Amino acid sequence: MGLDRMTSAPNLPGMKRPLRSFFPLLMTVGIGLLLAPGCKKNDSTASDEIVIGEFASLTGATASFGQSAHKGVRMAVDETNAAGGVLGKKVRLVTEDDQSKPGEAATVVRRMISRDKPVAIIGEVASSRSLEAAPIAQENKIPMVSPASTNPKVTETGNYIFRVCFIDPFQGAVLSKFMLQKGWTKAAILMDVKQDYAVGLTEFFKEHFLKNGGTIVSEQSYSSGDKDFKAQLTSIRGEKPDAVLVAGYYNEAGLIAGQARELDMNVPLLGGDGWDSPSLVEVAGDAMNGHYFSNHFSSEDKSPAVQNFLARFRDKYKEVPDAMAALGFDATMLVFDAIRRAGTTDGPALRDALAASRDFPGVTGTITLDENRNATKPAVMLQVQDGKFRYVETVVP
Ligand code: PHE
């Protein structure tokens, strides 16, 4: 593709470009050739460090996702280095900020691959951004492990793409079952059409809910970044649902809860893991009280693995980890475990070792990857109460 451009562009009629202007193009082609399968070298066996790449939304609309995941990844790297590293080498973490922006994940992952030659890539949280980067990792035969993207399409991209979390056909069923158990058989849906995650979660929720006796009385949508949801909420209110599924991320969910309160809607709102952020309650205040969401992890979990992680995390960052922090930690530790089992950081061998991950003791539960490179793990239901996410129940697959 790059070569076509280089040979045909100078012959275009009427084009008089100084030779100088082709230098960036030549550079691109050069880097492209370096990255071409077979030419690339991402095996750091010969060097004295192991480079792990990470891309995350450290800034922008869903900054708390990236910042949390990064804290977990950083902690895994620091603890591992303190314990002697992996295969006798120190791990060097390279992190790129995709600014929560569409298009940016692909750009930063391309750049990171050509510049830093990571042996594996951790990212992203949001499914749409994982979906942007996955084909690039796949093409370069660099294993990519998403800590938290739950849309099924992410790992369907190819055999180098993994995740350590459950997927949305399960999460959708968890939310549906929860509603039905509560006797809430008339549901409305408010979904972010701009996010693969929200669209998928809605589809899987509906499938399960309709099959099990529920009815959907209203389906409304919005786009990431919207601020006013009153029209959608008013029309939902008119249909008198027992509960509303708000499929999207925390910013909008917080605003939606606030505006539902202003409209005197006394109906429980339910969300998925995309609600998990300290900002959820910062945006909504006590309008968030009583609403529920499903998640990967509860900091109220009394198991020694969780409590021990919590203590170390608090010690390091002076805060309580959320699901992304725990999943970021697990994703990174699983990569280290696979490198040890492979005995090398060579892409294909590391891929095989990752694919063979069985019964890995993660903070978020035991991780066994299936033939589609997904993990099967329980989910938790949480209820928001006075700024806290209280544990309600665990739902097993
Ligand atoms: N599951 C969400 C997605 O796929 C991301 C997410 C995971 C958000 C965990 C919060 C907590 O887009």
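Residues numbered from 1 in each chain as written. Predicted model: local features only at pLDDT ≥ 70, side-chain atom pairs only at ≥ 80, totals over all residues. Heavy atoms only, no water.

1. A few points about the pairing of strand S6 (residues 186-192)
Then, number 1: Within S6, 6 of the 7 residues are buried, leaving the element largely enclosed by the surrounding structure.
Then, number 2: Regarding topology, helix H8 (residues 196-211) serves as the crossover connection from S6 to the parallel strand S7 (residues 215-222), and that connection is right-handed. (Buried < 20%, exposed > 50% of the residue type's maximum accessible area, 1.4 Å probe, protein only. Helix = DSSP H or I, 4+ residues; strand = E, 2+ residues; numbered from the N terminus. Right-handed = clockwise from strand over helix to strand, strands pointing away.)

2. Side note on helix H7 (residues 168-181)
Then, number 1: With 14 residues, H7 should reach 20 Å at 1.5 Å per residue; the first-to-last C-alpha distance of 19 Å fits that figure.
Then, number 2: Most of H7 sits out of view: 10 of its 14 residues are buried.
Then, number 3: Within the span of H7, buried status applies to Asp168, Phe170, Gln171, Gly172, Ala173, Val174, Leu175, Ser176, Phe178 and Met179.
Then, number 4: Where H7 ends, the next residue or the one after it, Gly183, has phi of about 85°, a positive value. (Expected span 1.5 Å × (residues − 1).)

3. Examining the sheet that holds S6
Neighbouring strands of a sheet are bound in pairs by backbone hydrogen bonds; such pairs are parallel or else antiparallel.
Then, number 1: Pairing in this open sheet of 7 strands is mixed, and the strands run S7-S6-S8-S9-S10-S13-S14 from one edge to the other. Strand pairing shows two members of the sheet lacking a second neighbour, S7 and strand S14 (388-395), which therefore form its edges. On average, each strand axis in the sheet is tilted by 25° relative to the strand beside it, whichever way the strands run.
Then, number 2: Relative to the sheet, H8 contacts S6, S7 and strand S8 (243-247), its axis offset from that of S6 by approximately 165°. (Pairing = 2+ DSSP bridges. Axes fitted to C-alpha atoms, helices over the stretch in contact; angles between N-to-C directions. Contact = heavy atoms within 4.5 Å.)

4. Quick notes on the confidence of the model for the protein
Then, number 1: On average, residues of the protein score 91 in pLDDT, and 88% of them reach the 70 mark or higher.
Then, number 2: Counting contacts from residues 1-45, a segment whose pLDDT is below 50, to residues more than four positions away or on other chains yields 42 contacts. (pLDDT = per-residue confidence, 0-100.)

5. Brief notes about the site of the ligand
Then, number 1: Taken together, 13 residues lie near the ligand, and Ser127, Ala148, Thr150, Tyr249 and Asp273 sit nearest.
Then, number 2: Here an oxygen atom of the ligand and a side-chain polar atom of Ser127 are 2.5 Å apart.
Then, number 3: Protein coverage of the free-state accessible area of the ligand, which is 330 Å², stands at 100%.
Then, number 4: One can see that the ligand is located within the largest cavity. (Near = heavy atom within 4 Å. Polar contact = N/O pair within 3.5 Å; in protein donor to acceptor, adjacent residues only side chain to side chain. Areas by Shrake-Rupley, 256 points an atom, 1.4 Å probe, with all protein chains shown as cover. 1 Å grid on protein atoms, 1.4 Å probe; cavity = no way out; pocket = protein on both sides within 12 Å on 5 of 7 lines; lining within 4 Å. Sits in = over half its atoms within 2 Å of the grid points.)

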